[in-house]
Each structure stands twice: as C-alpha cells, then as structure tokens.
Amino acid sequence: MIAITLLLLPVIFAIILLLAPAASSRRIALIGSIISFSITAFAYSQYLQEDFTKLNFDVSWASAFGIRFNIGMDGISLILVLLTALLYPVIIASTSRTVISNPKAFYSLMMLMQLGLMGVFMAKDAFLFYVFYELTLIPVYFICAVWGGDRSIPITLKFFIYTLAGSLLMLIAIIYLYFKTPGSHTFDIQAFYQLTLTPVEQGWIFWAFFLAFAVKIPIFPFHSWQPDTYTVSPMAGTMLLAGLMLKMGIYGLIRFILPIVPLGLEDWVDFAMVLCIIGIVYASLIAWQQQDLKRLIAYSSIAHVGLIAAGVLAANTAGLQGAIIQMFNHGINVVALFFMIDIIENRYGTRWMDELGGIAGQMKKLGVLFMIVMLGSIGLPLTNGFVGEFLLLMGMYVFNPWAAAFAGLTLILGAVYMFRLYRNVFLGEVKDHKMTTSDVAGWEGFILIPLCAIVIVIGIFPSILLNVSEQPVQQLLQFMNDHKSGVSGL
Amino acid sequence: MNEALLLMKPELIVTVIIFILLILHVARENSSPAYLLNLINGLLFINFLCGFFFNREGTLFGDMYVTNGLIVLEKNILNLGMLLISLQATDWLKKKDFIVEFYVLLLTTLLGMFFMLSSNNLLMFYLGLELSSIPLAALANFELEKRKSSEAAMKFIMSSAFSSGLLLFGISMLYGTTGTLNFAQLAMLIDGNPLQLFSFILLLAGFGFKISAVPFHLWTADVYEGSPVAVTSYLSVISKGAILFVMASVLFTVFKPLVETWYNMLYLLAVLTMIIGNLFAIRQQNLKRFLAFSSIAQVGFILIGMSGSSQEATASVIYFVLIYVFSNLGAFGVIALVSAQTGKEEIDDYKGFYLSNPMLALVMTLSLFSLAGIPPTAGFFGKFFLLMAGAGKGNFVLITIAALNMVISLYYYLRIVKVMFMEKNETPMEKLQISLFPRISLLTCMAGIILIGFTTLLYDYIFSLSTSF
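Note that the structure is predicted; figures quoted are calculated from it, not measured.

Engineer: Even after reading the chapter, I still don't get the overall build of chain A, so can you show me in this structure?
Structural biologist: Per the secondary structure count, chain A includes 21 helices and two strands. For chain A, the C-alpha radius of gyration of 22 Å lies close to 23 Å, the compact-globule estimate for 490 residues. C-alpha extents for chain A along the principal axes are approximately 75 × 55 × 45 Å. Considering chain A as a whole, with its 490 residues, one finds that 66% of them fall into the buried category. Accessible surface computed for chain A: about 16,300 Å², of which carbon and sulfur atoms make up 68%. Side chains of chain A give 24 positive and 25 negative charges; the mean places of these two sets differ by 9 Å.

What follows is the structure in structure tokens.
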C-alpha cells in the first residue's frame, strides 16, 4: 500500500499543479513532496519493525508477456527512496528565490521525475524498472533544456541521446534474459537471479548493463555529457541530476550486474575497475583546475561516484555497504553544496572563483555551514563522508590493495580542490564591495541546517542506515556466490 | 439472410453512408459546408460505434469473404482512424467546394480496405486492394490548383498500378501451380517449388510497394508532400495499416509452409527499411516529407514484429498499428491545423511554436515521443511488443539493429521538439484557433498515447483474439 501510494502521490500532485493557479505552484509542490517524505518515514518505521506487508504491491500488467506491476522495498531500495523523499522538499524549496517562467509546467515535471525515481528504486520487475528508468529522462530533459542557461539546447540533446542509447542496450539485455527464463517467461528480477548463463553470455550481458549504467553514473570515459549538462542546467535540475538521477545507475549496478552476471563481472571487473579509478583521479585533477564553482562540484561528483561504482564492482560486504551509505551521503552533500553555490551566485552575481573572496567574513553562517558540508564531502572522521569512503576503500582493499591505494587518492585530491575552493572563495580579500550582503536567513537556514545535521548525525551513527541495508546486501552476495558456484559446477 | 447482413455489417454501413451522401448531394445541392461536415462526422461516429455491436463470425460467398473477432477489431481500428482524420480535416474542407466528393472517394477506399481485410481468397483480396487504391489517387490530386498535388497523384497511380501488376502476376503463377485461390487450400498446396517461390517474391514486392518498405519506397516522400494533409495522414495511417493487417494474414495463412524463406526476406527488408528511412528522415526540411520517412522507418519496425511467430506477430502488429493511429494522427492533426490556417508546412516555420501555441506544441511533442518510442508513451509499448515478438525467434542481432535505429530516430524526432520549444523566430506563427472537431480529435489522440501503454489489457485482448489464425 505504501509503495503504490508513493508512486501515485506525485501523479496526483502533478495533476493538481496543472489545474491550480500558477502563483501557488511552488507551495503545492512543496506540500506534495513533504507528504511523500512523511509516508517514506512511515515506511522506514515499518521496515524497522520488520512489517514488510505494506511495502509491497503486485498486480498483473501485461499477462501475455508475464509482465507484472511488481514494486516493493528492501533495505537498499528503502535508503534510496528515503534519499529521494528527503531531497525533494529541499530541491523544491531551493527554487523559491529564482523566478521561474511557467511554474506549472516546471513543478509538474518535477513531480513526474519523482514518480520515475521512486519507481526505479522500487521496481521488482525488470520491464517496470526499464520504463521508470526512461521515464525520468523526459522531465529532466525539459527542465534542463527549457529552463537552462545558454547553449542548454544542444547540450541536453547530447545528454538525452547518450543516455537513451545506453539504456537501449539494457533493454536488449533484459529481453534476452526474459527469453532465458524457464517455462512461461517472466521479467521478475528474482527469476533472473536464478538463471544459469554461460560465461560468454554473461560477458555480453555484463557489457550491455554496464554501458547503460556507466553513461548514467557517469564512469570515465562516458562522462562527457555530465559537466556541461550540470553547468547549463537550472540549479534544481542540477540537483536532481547529481543528487538523485545518477543513483539510478549505481542502483542498477547493484541490482542487475552483481547477482545476474557474476562470471561476466569476474571476467571484466579489472577493466571496469580501472575505468572507475581513472575517472576518480582524472575528474579530481580537472576539478582542481576549475574556476566555475558549479563545474568544480560537477567534476568532484564524477570522482565521488566513480569511487562508489568501484566499491560496488569490488562486490564484497564492505564495498557494497559503503556504496549504499555513500550514495545517500553523496546525495545530501552535493545538493547542499549546489544550494550554497546558488546562494553565493544569487548574492554576488557570479560563481567564478577569481571574482569571489572573503565571503566567510561577510556571511559568517554560510561559511560555517559550507565548512561542515565540505568536510563531509572530503570524508573527515565524524562526518558522513568518512563512513562511506572508509567502507568503500576497505571493500576495494579486500578486492585489490593497489586499487584501494589509487582510489584513495580521491581523499587527498578531494581535500586539495575543496580547500582551494574554500580558501579562494570564503577566505582572503573581499573582492566585491557590496558590504550589505545578507547572510543565510529564514528558509535558507531551514534547508541547510537539517542537511548539515544529517551530515554529522550519519557520521556519528552510521548504523541507522547500515543496519537497514545489511541484510539485503548479505542476501545479494549470497545469490551471487551461489550463482557462481552453480555455473562453474555445470 | 439476417445473419449474412450482420456478417457484412461494416461494409454495408459504409455503403449506406456513401449512398446517403450521394443522394443528399443531388437533393440538396447548396447545403452549407458546416452542415455537411457536421452530418458526415456524425455518420462516421455512428459507423465507428456500430463496429462494437452485433459482431458475428463466419464466411460468405462460397468462402470468398470471412470475418472473425480479429478482423472486426482491425476494421474498428480503421474506422477510428477514419473518424479522427475526418475531424481533423474540417478546417481545410470548409474552404473547399467538393466536400461530398471528397468523402465519397474516401469512404470508397475504406470499403475496399474492408473487403481486403475480410478476403479469404486472393481474387477478393485483389479486388479490395484496387477498390482502395484507385480513389486514393484522385484524393491525392485534391488540391486542384497545386501542381505538386497533381504530381503526387500521378506518382501514386503509377506506382500503385505497377505494384498491382506485380501482385497480379504473382497471384496468377500461384494459381497456375496450385489451381486454387482460396487461402486455406493454398496453405495446404504450397510446397515451395521454384515457381511458387517466384510468385511469393512478386507478392512480397507488391506488398512492399504498398507499405513503402525499402527498396520499394521511392514514391512515398513525393506523394506525401504533394497530397493534402488529410490524404497524407490517410495514406500513412489507414492505408498502410490495412495492408499490414492483410500482409500478416497472408503470410501466416497462405505462406505458412514457406516460413523459413520469408523470415529471411522480412529480416532483410526490416533492416533496410529502418536504416534508410531513418537516415533520410534526418535531412528533411518539409514536415510532411519528414513524417513520410519516419513512417518508412516505422514500417521497418513493424516488419520485425511480423518476423515473429504467428500469434505474437499478429497481436503486436495490430497493437502497434492502433498506437500508430493515435501517435501519427496526433502529429498530423497539428500539421493539418497549421496548414489549413497558415499554409505553412516547413520545419523552420515551427520555430518558437511553443510560445504562440503551447497546447498544440505539447500535443506534437507527445506524438513525436510516442513515435520515437520513449517510455511511458504508448509508442514505447508498441515497439517493445514488436521487439519481443521478433526476439521470440532468438534473433538478437536484429533486435540490436532495431535498438540502434531507435537512437537515430530519437535524434530527428527531438530535433522537431527542439525547434518548437527552444528556437527563436522573427516571424512567429499567430495563435491558432482550434475549433471543436479538431479539438476532439487531438484530445482522443492524447488520451490514446498516454493511456494505452498503461492498460496493457488491450494487448492481452488482441493476443487472445490472434489465436484464431
């Protein structure tokens, strides 16, 4: 019941938005997203009480091909649904300063996007997963292209075609797996886990899935759409892309690649891992050179998600647990960072590093809040980033110490470029003489303080998330190992 | 007697409407266009509704004519498309003097298609086909004062006559080797001797012309561009849909013994049609020409579905054509409105279309998304089921080629969306009036595009009917 409500709510609110007057659009969207969040919080409590009955929903959809509308949440899904529900009010509230032309359409698209994201994280049927995965593309395309900055049109077109090309490969793989299922075929993901595929087949399917998700995440060298798209998108669009949408790719890696094609993974994991590590180092180095704050965060995001993807590919408990908690953390941190950059751009009219300076003196609260999130982002102990990155590196160490060593560079490089940002923008001389600039106030604080609180709370009590994902992660690895031994026993 | 009448109900109703129009034309010579259009659309709506009641199964005329649940469904789809096109054409027809003639010709072609769908005999099939294609040439020429329209009609009649010739040649050879033209008997007698193979190739080429599969597509773009919008949409949706239905039934009944042979041929046709259609669509500047090539590419997709096993192939082709009716007519509906009120048909004319006509731009966008097959529009489900039908045979190379083509097609469909939403125009189009009839038609198309995908019960229903093959 809860699951289907979470999907229906965005649809209902999208319709309300289209009917209601444009002036109240933001408020309606905000109410909708807060209701979704409360329901998700309820789902979380149900999960903790191990009452799973309300979290699942299953009806037949197209019986001719055995497609079911089958949604539900295990721990991994729950954490990502929670992240979506948590970030949505933040993202919607963050738009209140900017004047948005045609707000009805904008917020309806945001709601549609929420439907897609929730659907992807909850789908238990591969076909359903694909439909929701693609459904997210349309709203984000329009949000970025219509409300974006200069040159947003060609850039978003590239983004759209890039990602759709990737996911069509996934569609072929899903159809292939479907025809491999015994009896009257099914798209059930659990049934895919039981398949015994030859190593050659697994190699092909691995690549079909990996390319689809690598474009979305993005993993080097499929990242070329990302910095441009992040830069030209409106801030809400960037937050959606960085905070939530790329999590779909990592979630896909966990759900599809590990349990379905473990042998394919085994054959290709070194290659994929190298790509991830190149991405981590390369993106960090580029981030170091950026002058545009938004672009800097965009590149740092490639480095962070590269590490998460590498942790998933390592395929052990620490790596997976770290990946899941770090997905959550990355969502919180990156959205908070983008939001603060938006504040800076709004107050000073620029987000170029050499035109800014000494902000901490003028906006003391912002200086502190930025510091907290930044420390979380570079993984200082007692912040959320530390827990995630520690687990990720541990997982990679088990996989291969050298991989961990190179990936560990991200901690150092991350500190370098983030501190460079902080020094140039927040410290130093004031370059702008508008001394009247107001500090973080009112609702901005309402958004930023909870986010900063989450950064610290998860840093100190990571178990509130780790406990949730522990059991499904073990189950997943169990599937994977059974599957591996099953195939090699043939 | 009563039963026989009910069996032929769709044909009889269309005939009655034709007679009503002719009599009316003589009796009340100067009735106003608005009155005529209201009356005709009312009649077509009744015609569409009647398709759902008193349906019978059976054969007539010594096994020449057959009808069953599936054929009734196919006729209903054509009736629906006919109604939608007629509603969209009102703006254009109001300015014309020959409303009755237009509809008489249009309904005659529909009658021909109905006979073609119900044929159980190659002679009957040929009769229906000719009845449906000759009036179309006259219709293509309906913009009497335009040179391009005449050119379109000329090209259409030539290619149509040529393909009919091929079909007839193939049919005669088939008769020569088997001594029968009845579908069921042919299916038993075909054993794959060379003459039969040759006749099959001729038949397939004939079909290829009619559905404009590559390499038989050369007439399509010119005819689509030159004809009036209503006729273009009729050609691309109704006429093509009807022939695809018949093609499926002929392949799966008559040529069932040769399935191995025609599978490879369809494979080749599908690949060529998709690739050529897509590559040419990228470079078009005229919107109708653009949709001509996009419809060629869509046919390539349909051929993939048709290469599957009989039940899935039939079901997925019919399901796709139904969705195609909605998505293509959504796009053509907008073009018809714009063309009737401003006379503009180039892609560049649509720059900044969103600013002056947001609703129409939205309709166009949804239709194009559906044509491109982006979830969750109906077009995606249509293409997905086609792919599933094709993949049932285990040919994943074909499916991969299809997926790559979907990417190419996405590029050019999005190009139109981009032009409408994001490009500036010095001479923007004025705000267009959307009168009641086109409005109903466009709303129906939108409802179809949004809802059909989610109610896949419809697919299950078609699938269950398809067992009758």
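Engineer: Please clarify how the pattern of salt bridges should be interpreted in this entry.
Structural biologist: Two side chains carrying opposite charge are able to pair once their charged atoms lie near each other. Scanning all chains against the criterion turns up 16 salt bridges over all chains. Here Glu444 of chain A and Arg347 of chain A are joined by a salt bridge, their closest N and O atoms 2.7 Å apart. Residue Glu444 of chain A is found in helix 20 (residues 443-460), and its partner Arg347 of chain A is found in helix 14 (residues 317-348); the two are separated by 97 residues along the sequence. The exposure classification of Glu444 of chain A matches that of Arg347 of chain A, with both residues buried. Across the salt bridge formed by Lys148 of chain B and Glu225 of chain B, the nearest N and O atoms sit 2.8 Å from each other. A residue pair is termed long-range when its members are at least 10 positions apart, and Lys148 of chain B in helix 8 (residues 147-178) and Glu225 of chain B in helix 11 (residues 220-226) qualify at 77 residues. Here Lys148 of chain B falls in the partly exposed class, since its relative accessible area comes to 45%. One network of salt bridges, in which partners are shared, links Lys148, Glu151, Lys155, Asp222, Glu225 and Arg289 of chain B.

Engineer: How should the packing of helix 9 (residues 199-216) of chain A against helix 12 (residues 262-289) of chain A be read in this particular structure?
Structural biologist: In helix packing, the relevant descriptors are the interaxial angle and the interaxial distance, both defined with respect to the helix axes. Residues and elements named next belong to chain A. Where helix 9 contacts helix 12, the two axes come as close as 7 Å, and the packing angle between them is 45°. Relative to helix 12, the element helix 9 is oriented oblique. Judged by the sense of rotation from one axis to the other, the crossing of helix 9 with helix 12 is right-handed. Contacts from Pro199, Gln202, Gly203, Phe206, Trp207 and Phe210 of helix 9 reach helix 12 at Pro262, Leu263, Gly264, Leu265, Trp268, Phe271, Ala272 and Leu275. Across the contact of helix 9 with helix 12, the residue classes tally to eleven nonpolar, three polar and no charged.

Engineer: Looking at this structure, I do not really get the confidence of the model for chain B. What am I missing?
Structural biologist: When pLDDT drops low, the exact placement of atoms in the prediction is not to be read closely. Residue and element names in this part refer to chain B. On average, residues of chain B score 87 in pLDDT, and 99% of them are at 70 or above. Taking the mean pLDDT of every element in chain B, the minimum, 78, falls on helix 1 (residues 2-7) and the maximum, 92, on helix 6 (residues 99-118). As scored by the predictor, the complex reaches a pTM of 0.90 and an ipTM of 0.86.

Engineer: Looking at this structure, I do not really get the interface of chain B and chain A. What am I missing?
Structural biologist: Accessible area lost on assembly of the parts is the figure often given for the size of an interface. Each side of the interface is counted separately: chain B has 35 residues, and chain A has 31 residues. For the chain B and chain A pair, buried surface summed over both sides reaches about 3,100 Å², with 87% attributable to carbon and sulfur atoms. When residues of chain B are sorted by the area they lose upon contact with chain A, Met388, Phe396 and Met422 of chain B head the list and together hold 19% of the total. Taken together, the connections running from chain B to chain A amount to zero residue pairs in polar contact (both at pLDDT 80 or more). Elements represented by at least two residues in the side of chain B that touches chain A include exactly helix 17 (358-372), helix 18 (378-391), helix 19 (396-422) and helix 21 (457-465) of chain B. Of the residues forming the side of chain B that touches chain A, the biggest block, 13 residues, is contributed by helix 19 of chain B.

Engineer: How should I be thinking about the side chain of Thr350 of chain A in this particular structure?
Structural biologist: Residue and element names in this part refer to chain A. Mapped onto the secondary structure, Thr350 falls in the loop between helix 14 and helix 15 (359-362). Separated by 3.0 Å, the side chain of Thr350 and the backbone nitrogen of Trp352 make a polar contact. The contacts of Thr350, once residues within four sequence positions are left out, are Ile344, Glu345, Glu355 and Leu356.

Engineer: How do you make sense of the environment of Ile40 of chain B when you look at a structure like this?
Structural biologist: All names here are of chain B. Among the secondary structure elements, Ile40 is positioned in helix 3 (residues 33-50). The class for Ile40 is buried, based on a relative accessible area of 1%. Placed 22 residues apart in sequence, Ile40 and Ile18 show a C-alpha to C-alpha distance of 10.0 Å. The residues contacting Ile40, other than those within four sequence positions of it, are Leu21, Ile99 and Tyr103.

Engineer: When you look at the pairing of strand 2 (residues 67-71) of chain A in this model, what are you seeing that I'm missing?
Structural biologist: Each regular strand displays side chains that alternate between the two surfaces of the sheet. Residues and elements named next belong to chain A. When you tally the buried positions in strand 2, you get four out of five residues, the bulk of the element. Pairing geometry for strand 1 (residues 57-62) and strand 2, over five bridges, is antiparallel. Bridged to Phe57 within strand 2 is Ile71. Connecting strand 1 to the antiparallel partner strand 2 that follows it, the hairpin turn spans four residues, and Gly66 within it adopts a positive phi of roughly 65°.

Engineer: Explanation requested: the packing of aromatic side chains in the structure shown.
Structural biologist: The geometry of two aromatic rings is summed up by the distance between their centres and the angle between their planes. All names here are of chain A. Enumeration over the complete set of coordinates arrives at 76 aromatic pairs over all chains. When the ring of Trp207 is compared with that of Phe210, the centres are 5.6 Å apart and the planes differ by 90°; the resulting orientation is edge-to-face. A residue pair is termed a helical-turn pair when its members lie 3 or 4 positions apart in one helix, as Trp207 and Phe210 do in helix 9 at three residues. When the centroid spacing of 6.5 Å and the interplanar angle of 75° are considered together, the rings of Trp225 and Tyr230 count as edge-to-face.

Engineer: Looking at this model, I keep getting lost on unusual backbone geometry. Mind explaining?
Structural biologist: Across residues other than glycine, the phi torsion is negative in most instances, and most of the peptide bonds are trans. Between Ile217 of chain A and Pro218 of chain A the backbone carries a cis peptide bond, its omega angle lying at -15°. The omega torsion of the bond from Phe220 of chain A to Pro221 of chain A falls at 0°, within 30 degrees of zero and hence cis. The phi dihedral of Ala315 of chain A is positive, around 55°, even though this residue is not glycine. Along the chain, Ala315 of chain A falls in the loop between helix 13 (293-314) and helix 14. One non-glycine residue, Ser212 of chain B, adopts positive backbone phi at about 50°.

Engineer: Quick question: what am I supposed to make of a nonpolar patch on the surface here?
Structural biologist: All names here are of chain A. On the surface, Leu285, Trp288, Trp402, Phe406, Leu409, Ile412 and Val416 cluster together into a nonpolar patch covering about 680 Å² of accessible area. A per-element tally of the nonpolar patch places helix 19 (residues 409-426) first, with three residues. The topology assignment puts Ile412 in helix 19.

Engineer: Explain helix 3 of chain B to me, please; I cannot follow it from the model alone.
Structural biologist: Three or four residues apart is the spacing at which side chains of an α-helix point the same way, because the helix has 3.6 residues per turn. Residues and elements named next belong to chain B. Given a rise of 1.5 Å per residue, 18 residues ought to cover 26 Å, and the 25 Å separating the end C-alpha atoms of helix 3 matches this to within 8%. Listed as buried for helix 3 are Leu36, Leu37, Ile40, Asn41, Leu43, Leu44, Asn47 and Phe48. Buried residues of helix 3 fall within an arc of 160° about the axis and therefore sit on the same side. Check the buried side of helix 3 and you find it contacts helix 2 (9-27), helix 4 (69-88), helix 5 (90-94), helix 6 and helix 20 (436-451).

Thresholds, definitions, all that
Residues numbered from 1 in each chain as written. Chains lettered and ligands numbered in written order. Predicted model: local features only at pLDDT ≥ 70, side-chain atom pairs only at ≥ 80, totals over all residues. Heavy atoms only, no water. Helix = DSSP H or I, 4+ residues; strand = E, 2+ residues; numbered from the N terminus. Rg over C-alpha atoms; globule rule 2.2 N^0.38 Å. Buried < 20%, exposed > 50% of the residue type's maximum accessible area, 1.4 Å probe, protein only. Areas by Shrake-Rupley, 256 points an atom, 1.4 Å probe, with all protein chains shown as cover. Lys, Arg positive; Asp, Glu negative; His and termini not counted. Charge placed at Lys NZ, Arg CZ, Asp CG, Glu CD. Salt bridge = Lys/Arg side-chain N within 4 Å of Asp/Glu carboxyl O. Axes fitted to C-alpha atoms, helices over the stretch in contact; angles between N-to-C directions. Parallel < 35°, antiparallel > 145°, perpendicular 65-115°, else oblique. Left-handed = near helix turned anticlockwise from the far one by under 90°. Contact = heavy atoms within 4.5 Å. Nonpolar A, V, L, I, M, F, W, Y, C, P; charged D, E, K, R; others polar. pLDDT = per-residue confidence, 0-100. Buried area = accessible area lost by both parts, 1.4 Å probe. Polar contact = N/O pair within 3.5 Å; in protein donor to acceptor, adjacent residues only side chain to side chain. Pairing = 2+ DSSP bridges. Phe/Tyr/Trp six-rings, centres within 6.5 Å; stacked < 30°, edge-to-face > 60°. Patch = residues over 30% accessible without salt bridge, like charges linked within 9 Å, V, L, I, M, F, W, Y side chains within 5 Å. Expected span 1.5 Å × (residues − 1). Arc of directions from axis to C-beta.

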